[in-house]
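Listed below are the residues making up each chain.
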Amino acid sequence: MQEILIGGQKGTQVIMDAAMGNRHGMISGATGTGKTVTLQTMAEAFSKIGVPVFLADIKGDLSGIALAAQPNDKVNERIQQIGITGFQPRGNPSVFWDIFAKTGHPVRTTISDMGPLLLGNLLELNDTQSGVLYTCFKIADDNGMLLLDLKDLRAMLTWMGDNAKELQAEYGNVASASLGAIQRQLLVLEEQGADQFFGEPALKLADFCKTDFSGNGVISVLDATVLTTKSPKLYATFLLWLLSELFENLPEVGNADRPKLVLFFDEAHLLFDQAPKALTDKIEQIVRLIRSKGVGVYFISQSPLDIPEDILGQLGLKIQHALRAFTPKDQQVVKSVAENFRNNPAINTVEAIQELKTGEALVSILNKDGSPTPVERIFIRPPESQLGPVSTQQREEIIGRSPFKGQYEQVVDRESAYEMLKNKALHEANEQEAERDDKPKASRSSQNRQSVSEVLLKSAARTLGSTVGRQIIRGLLGSLLGGRR
Ligand SMILES: Nc1ncnc2c1ncn2[C@@H]1O[C@H](COP(=O)(O)OP(=O)(O)OP(=O)(O)O)[C@@H](O)[C@H]1O
Ligand SMILES: [Mg+2]
């Protein structure tokens, strides 16, 4: 068994079997109670046994995971308390990523890949507007046409507006008001810097699933400091996209002694904030099914009640840091959280939750048979890596020796919908000019009018680089299916 020591106290240690790592988990607690440090400890424990890790650094205090800890008296005391042997300060193999390309490698995907469901949610569209966005994707998908960046999507929407009449028969009504609303929302998104997220080269999922030469799992750290303040919705959308991509692309795995990959989703409430029920239902479904692909998802949030009940019910590992209960509503939350644990007669869960010190937690893991263990009160193992951030210079050094250096930095703007539609417009203008000079030819071409998709298909086929050349099929959350890359 591959062991993950979570923590302990007075002769009891809580050790998780890594084979249960794909049973998902939750780290919760009020602000400043130790969630991030617990996340760091768990992440490095997975890395150490060869499991790649993805995590988001919300406050900029997690990058130290790449460097060795400088133990102090407090840490040493804790090592004694828990009975840890062989504590070895060490940095973990880490790769830094940043959607804004400032503090790490840029992470990108394409509009086509994200799909209309997630994009509609990101743009906060209403039902009618979403309908128009679906039509937009349908036209592109039917014709095997890729929308790579925001400019492609804009061009496509403009083209739909100009051709609304012709589109009516095949695709139904395309209201110009809805097109306008979507375009306005795209502007908002651009102002938040989201245009940098859409385009190529798109992230290769395999780059989040690496181990280093010594067999340690590489930890992919997404800098989410600016992202979560500037565009929390884009942050949530990125995580959901990542989840659905992994789900659609990873193969099923049988019972393994450890997960293939674990994801830590901090500020997890953002994933579900104002998400329509259709989306939440699908997220729940993916979280349930992704286990069989060997992926473990760990949610971090102030209260477990931030997470939909259906997901809460699936979680194998629960680490609960202190909660404060000042108001009757707080007290109700504490009570509900306590009830979510399997009772341990030695512990008054409701009281304990409120008494826990920083870095102390109530923990439940899974037994071999999958049932939850009774709740234990323990000190969380201190990380062997540094608490707090790396310096700017250290960060640059780490980025400088990254295996992905130079692979993502340069944007590639290959021919896609924007260029295709622009060429098409040019082509039409030329034809109109020719028409004026050459009447009979014009009447011939208007006789056999082609359907919209025929025209698009032909123009798409002419620009092979930007097409998949066949109908695009979408997965559960609407991302692209099948080995496009
Ligand atoms: N397991 C631990 N061992 C040693 N020190 C710890 C541990 N957990 C927390 N601490 C100390 O407590 C501080 C606050 O913890 P942490 O940043 O993890 O809280 P948090 O719950 O993530 O807070 P926030 O909600 O504000 O992000 C840390 O900077 C560290 O000094
Ligand atoms: Mg934190």
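Residues numbered from 1 in each chain as written. Chains lettered and ligands numbered in written order. Predicted model: local features only at pLDDT ≥ 70, side-chain atom pairs only at ≥ 80, totals over all residues. Heavy atoms only, no water.

The name that an unreviewed UniProt entry assigns to the protein is Putative ATPase, with the source organism given as Crenothrix polyspora.

Student: Just checking my understanding: could you explain the overall build of the protein for this structure?
Tutor: Looking only at helices and strands, one finds 18 helices and eleven strands in the protein. C-alpha extents for the protein along the principal axes are approximately 95 × 50 × 40 Å. The burial tally for the protein puts 55% of its 485 residues in the buried class. The contacts of the protein with a sequence gap of at least 6 include a subset with a gap of at least 24, amounting to 79%. (Helix = DSSP H or I, 4+ residues; strand = E, 2+ residues; numbered from the N terminus. Buried < 20%, exposed > 50% of the residue type's maximum accessible area, 1.4 Å probe, protein only. Contact = heavy atoms within 4.5 Å.)

Student: What is the right way to read the sheet that holds strand E3 (residues 25-28) from this model?
Tutor: Two strands in a sheet stick together by hydrogen bonds in their backbones, pointing the same way (parallel) or opposite ways (antiparallel). Spatial strand order, E2-E1-E11-E10-E9-E3-E8-E7-E4-E6-E5: eleven strands in an open sheet with mixed pairing. Each edge of the open sheet is held by one strand with a lone partner, namely strand E2 (12-17) and strand E5 (94-97). Across the sheet, the mean angle from the axis of one strand to that of its neighbour is 25°, orientation sign disregarded. Here strand E1 (residues 3-9) runs beside E2; their pairing, made up of six bridges, is antiparallel. The residue bridging Leu5 from the neighbouring strand is Ile15, located in E2. (Pairing = 2+ DSSP bridges. Axes fitted to C-alpha atoms, helices over the stretch in contact; angles between N-to-C directions.)

Student: Quick question: what am I supposed to make of empty space enclosed by the protein here?
Tutor: Rolled over the atoms, a probe sized like a water molecule indicates the empty space that remains. Overall, the coordinates contain three cavities of 30 Å³ or more when judged by the stated rule. Its boundaries defined by the atoms lining it, the largest cavity holds a volume of some 80 Å³. Forming the walls of the largest cavity are Met26, Ser28, Pro304, Leu312, Leu315, Lys318, Ile319, Gln320, Val337, Asn340 and Phe341. At the level of elements, E3 and strand E9 (317-320) are the ones that each hand at least two residues to the lining of the largest cavity. Tallying contributions element by element places E9 first for the lining of the largest cavity, with three residues. (1 Å grid on protein atoms, 1.4 Å probe; cavity = no way out; pocket = protein on both sides within 12 Å on 5 of 7 lines; lining within 4 Å. Points joined across faces, edges and corners; volume = space filled by probe spheres on them.)

Student: Would you mind showing me how to read the nonpolar core here?
Tutor: When a protein is soluble and globular, its nonpolar side chains tend to lie buried together. Counting 86 residues, the largest nonpolar core has Leu119, Met160, Phe238, Leu263 and Phe299 as its most contacted members. With eleven residues, the top contributor of residues to this core is helix H9 (residues 232-249). Mapped onto the domain boundaries, this core takes at least three residues apiece from domain 1 (3-107 + 201-400) and domain 2 (111-197 + 417-464). Those residues in contact with Met160, other than ones at most four positions away along the chain, are Val132, Thr135, Cys136, Ile139, Leu167, Val174 and Leu179. Residues Ile219, Ile365, Ile380 and Val390 belong to the second largest nonpolar core, which totals 36 residues. (Core = buried A, V, L, I, M, F, W, Y, C linked by side-chain atoms within 4.5 Å. Domains from an automatic or database assignment.)

Student: Explain helix H5 (residues 150-162) here, please?
Tutor: For an α-helix, 3.6 residues make a turn, and residues three or four places apart therefore share a direction. Look at H5: 18 Å from first C-alpha to last across 13 residues, which is about the 18 Å you get at 1.5 Å a residue. Turning to H5, its buried residues number three or more, namely Leu150, Asp152, Leu153, Ala155, Met156, Leu157, Trp159 and Met160. (Expected span 1.5 Å × (residues − 1).)

Student: Whenever I open this one, the packing of aromatic side chains confuses me. Can you help?
Tutor: Any two aromatic rings considered together are summarised by their centre-to-centre distance and by the angle between their planes. Scanning the entire structure with this criterion turns up 13 aromatic pairs. Aromatic pair Phe272 and Phe299: ring centres 6.5 Å apart, planes at 45°, arrangement tilted. Here Phe272 is found in helix H10 (residues 269-272), whereas its partner Phe299 is found in strand E8 (residues 295-301), with 27 residues between them in sequence. For Phe272, a relative accessible area of 11% translates into the label buried. Above the plane of the ring of Phe100 lies Lys230, whose end atom (NZ or CZ) is 5.0 Å from the centre. Cation over ring: Lys318 sits above Phe341, and NZ or CZ is 5.9 Å from the ring centre. (Phe/Tyr/Trp six-rings, centres within 6.5 Å; stacked < 30°, edge-to-face > 60°. Lys NZ or Arg CZ within 6 Å of the ring centre and 35° of its normal.)

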